[in-house]
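Now for the letters of each chain:
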Amino acid sequence: MFVLYLILGLLLVFLIILAVNTIKASAKAPKLQKSTAEHSEAEILRYAERLQKMIQCKTVSHADSFDDTEFKKLRNVVEELFPLIHEKAEKLTFSDDCWIYRLPSKDSSRNIMLMSHHDVVDVSGQWKYDGFSGQISEGKIWGRGTVDTKTPLFAEFSALEELLEAGFIPPCNVYIGSSHNEEICGDGVPQANDYFKKNGIKFEVILDEGGALIEPPLAGMKCDKCAMVAVHEKGRYYFDCTARAGTSHAGLTAGMALNPVERISEFITQALSGSVFIHRLNPQTDAMFRHLGPYCAFPMNVLFANLKIFGPLLKKLLPKINPQAAGLIGTTCTFKAIEGSASENYCRTRAFLRPVDWNDFEQDLKNFKDLAAKYDIEVTEAPGCEYHGPADMDKPQFAYTMDCIHKLFPQYPASPFILPAGSDARTFTDICECVLRFAPIRLSAQQLASVHSENENIDLDAVADAVSFYKYFLENYR
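Only a predicted model underlies this, so the values are computations on that prediction, with no experimental measurement involved.

A. Spotlight on a nonpolar patch on the surface. Taken together, the side chains of M1, L4, Y5, L8, L11, V13, F14, L15, I17 and I309 present a nonpolar region at the surface, about 960 Å² in accessible area. If you trace the backbone, L4 turns up in helix α1 (residues 2-28).

Structure follows, in structure tokens:
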């Protein structure tokens, strides 16, 4: 009987601990409130008609050529729309058309940057309205770039232009950067980064695209949108893995099929088994669960408020619940293609590894290569590999950005996350310890899915809200 009471007592203590942690997490989380943002219909329409001119510029980037016709048209539009910025700011151009505007301040030693990109992918498929019309209809503006990412760029310029009209003097140098070849991983921002490094220019915070106000990423949340701020991007590593016939010592391959195709097949199966790479709740994913947990329904709110207890279980369950979730807790691996030659008797595959944490990846890569050696497979690094460190979430600039989101979008919770895609901002992590990827645009599931797809559009009032966010961010930055 004593043992039973002991067990019940321990269970009660355990439940109390879970409850207390959940209550504390909820108490610390900002309370969601109704938005007080107000924009007149005239103001909303004015922003839309100005943005429309930028959407109508067909600034499609191509990997093998650069035609300046539409890019020059966009430059003329931007100069027309934002005359004060062009009067007061210094403009630098890198590569063919990467813009960096610098508005000087009294303290020339401090710098912040808002950035985006003005190139777009081409239009294809069936569109409701012409993809470069900038059609204003149904309470939305339609066209390529409305989401990715001429709206954020327009909002950045509009915010600074309106502040300058009101006599704004920034406390530190304000940069606005925009690339002409982000969509093709071009050389614009890398050249700008080289310039900044050469001149010893560093930034306190850089705000780029990547996150947005989107539908909740976790099921059962008590809100219709979340402000997702990307604080990290997964790395990219490519490896060619080649198996050849007759290269192994027979004593080392006893019982193993020597056929290169069979060895590559076995290797791929083992590499995808989940046992090769380290899985853990890294700081960015841990922070995401802690920020979103208080807005989740039971039992998820309890789970996320007690990650020290449930973290090991969550780490094992995530890949099973959602395959994409595996990318949050460690290196992922996919194999892009398999090729071979009967005459040369070899088989090759290219592995694509996406690391989250550099220290983990060093061990992951050793495990990967050890597995390849087991099957007598040669591993060589292919071009295009890169890894960039995460933002420092302890920096006051991160807290300030989150506070701006709470002030301007009080109806939505805000959270850091890891971006699986790529942005130009990753290039700047050597000159800024707080590179954040968040565009303050409100998107439905359809609007988010329209990126690089059909019927790209954004709500008209969402454009006005984006301008308000950047104005607040710049005006109150200290």
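B. Up close: the packing of helix α2 (residues 41-55) against helix α5 (residues 150-165). Two elements in contact, α2 and α5, have axes whose closest approach is 10 Å; the angle formed by their N-to-C orientations is 125°. In terms of axis orientation, α2 runs oblique to α5. The way α2 lies across α5 gives a crossing that is right-handed. Residue-level contacts link R46, Y47, R50, L51, M54 and I55 of α2 to K150, T151, L153, F154, S158 and E162 of α5. When the residues that make up the contact of α2 with α5 are grouped by side-chain class, the tally is 6 nonpolar, 2 polar and 4 charged.

C. Structural detail: the sheet that holds strand β12 (residues 377-381). Taken in spatial order, the 4 strands of this open sheet run β10-β11-β9-β12, and their pairing is antiparallel. Of all the strands in the sheet, the pair left with one neighbour each is β10 (332-341) and β12. Ignoring strand direction, the axes of neighbouring strands in this sheet form an average angle of 20°. Strands in contact with helix α7 (residues 260-271) are β9 (237-244), β10, β11 (346-354) and β12; relative to β9, the strand with the most contacts, it is inclined by about 145°.

D. View of the environment of H279. In this structure, H279 sits in the loop between α7 and α8 (283-292). For H279, a relative accessible area of 25% translates into the label partly exposed. Along the primary structure H279 and K316 are separated by 37 residues, whereas in three dimensions their C-alpha atoms are 8.3 Å apart. Not counting residues up to four positions away in its chain, the partners in contact with H279 are G274, K315, I329 and G330.

E. Here's a closer look at the pattern of salt bridges. Within this structure, the stated rule accounts for 25 salt bridges. As a salt-bridge pair, E80 and K53 come within 3.0 Å of each other at their nearest N and O atoms. Pair noted here: E80 is in helix α3 (residues 69-81) and K53 is in helix α2, with a separation of 27 residues, a long-range link.

F. Geometry of the sheet that holds strand β15 (residues 457-459). Taking strand neighbours across the sheet as the criterion, the 3 strands line up as β4-β5-β15 in an open arrangement whose pairing is antiparallel. With one partner strand each, in any of the chains shown, β4 (136-137) and β15 form the two edges of the open sheet. Bridging between strand β5 (residues 140-142) and β15 involves 3 bridges; their strand directions are antiparallel. Its bridge partner being in β15, K140 is matched across the sheet by D459. α2 contacts β4 and β5 of the sheet and is inclined by roughly 15° relative to β5.

Rules of the game
Residue indices begin from 1 for each chain and proceed along its sequence in written order. In keeping with the predicted nature of the model, local features appear solely for residues at pLDDT of at least 70, side-chain atom pairs appear and are counted solely at 80 or more, and the whole-chain, interface and lining totals rest on all residues. Side-chain numbers come from the whole structure's heavy atoms, not from hydrogens or water. Exposure above 30% relative accessible area and the absence of a salt bridge qualify a residue for a patch, where like charges join within 9 Å and nonpolar side chains (Val, Leu, Ile, Met, Phe, Trp, Tyr) within 5 Å. For the accessible areas, the method is Shrake-Rupley and the probe is 1.4 Å, while residue cover comes only from the protein chains on display. In what follows, salt bridge is the name for a side-chain nitrogen of Lys or Arg lying within 4 Å of a carboxyl oxygen of Asp or Glu. Here a strand is any run of E in DSSP of at least two residues, a helix any run of H or I of at least four, and the numbering for each starts at the N terminus. Lines fitted to C-alpha atoms define the axes here, with helix axes fitted over just the stretch in contact, and angles between the N-to-C directions of these axes take values from 0 to 180 degrees. Any angle that is under 35 degrees is reported as roughly parallel, and any over 145 degrees as roughly antiparallel; angles of 65 to 115 degrees are reported as roughly perpendicular and all others as oblique. Crossing handedness is defined as follows: a turn of the near helix away from the far one that is anticlockwise and smaller than a right angle gives a left-handed crossing, while the clockwise case is right-handed. In what follows, residue pairs with any heavy atoms lying within 4.5 Å of each other are defined as contacts. Polar here means any residue outside two lists: the nonpolar Ala, Val, Leu, Ile, Met, Phe, Trp, Tyr, Cys and Pro, and the charged Asp, Glu, Lys and Arg; Gly therefore counts as polar. A pair of strands counts as paired when DSSP detects no fewer than two bridges linking them. Burial classes follow relative accessibility: with a 1.4 Å probe on protein chains only, a residue under 20% of its type's maximum area counts as buried, one over 50% as exposed, and anything between as partly exposed.

Everything listed here is a matter of coordinates, which is why it stays silent on function.
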